[in-house]
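Spelled out from the first residue to the last, the chains are:
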Amino acid sequence: MKGKRKSLLLILTIMMVITIILLDKMGFKKTIESCENHGSVAEVEEGILSWNVSCEKK
């Protein structure tokens, strides 16, 4: 019984991590698109666990 609970918890944890990564990438792409749609150039600084997008006029 405990083995089934641990494996279920592990599967749920992996699914949550994958979901968080995918949502982060979607937000990153939308931010860049929004910047470019307003006639600006997106400058991206990526860190290990973070990213920063700044919009600069052309």
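Further up the page is the structure itself.
Residues numbered from 1 in each chain as written. Predicted model: local features only at pLDDT ≥ 70, side-chain atom pairs only at ≥ 80, totals over all residues. Heavy atoms only, no water.

### Here we look at a nonpolar patch on the surface
Turning to step 1, where the next piece is worked out: There is a patch of nonpolar side chains on the surface, built from Leu8, Ile11, Leu12 and Met15 and spanning about 390 Å² of accessible area.
Turning to step 2, where the next piece is worked out: Mapped onto the fold, isoleucine 11 is located in helix 1 (residues 2-37).
Turning to step 3, where the next piece is worked out: Note on isoleucine 11: relative accessible area 47%, which makes it partly exposed. (Patch = residues over 30% accessible without salt bridge, like charges linked within 9 Å, V, L, I, M, F, W, Y side chains within 5 Å. Areas by Shrake-Rupley, 256 points an atom, 1.4 Å probe, with all protein chains shown as cover. Salt bridge = Lys/Arg side-chain N within 4 Å of Asp/Glu carboxyl O. Helix = DSSP H or I, 4+ residues; strand = E, 2+ residues; numbered from the N terminus. Buried < 20%, exposed > 50% of the residue type's maximum accessible area, 1.4 Å probe, protein only.)

### Remarks on the layout of surface pockets
Turning to step 1, where the next piece is worked out: Space inside the largest pocket adds up to approximately 260 Å³.
Turning to step 2, where the next piece is worked out: Forming the boundary of the largest pocket are Ile20, Ile21, Asp24, Lys25, Phe28, Glu46, Gly47, Ile48, Leu49, Ser50 and Trp51.
Turning to step 3, where the next piece is worked out: The element that contributes the greatest number of residues to the lining of the largest pocket is helix 1, accounting for five residues.
Turning to step 4, where the next piece is worked out: Of the residues that constitute the lining of the largest pocket, the class distribution is six nonpolar, two polar and three charged. (1 Å grid on protein atoms, 1.4 Å probe; cavity = no way out; pocket = protein on both sides within 12 Å on 5 of 7 lines; lining within 4 Å. Points joined across faces, edges and corners; volume = space filled by probe spheres on them. Nonpolar A, V, L, I, M, F, W, Y, C, P; charged D, E, K, R; others polar.)

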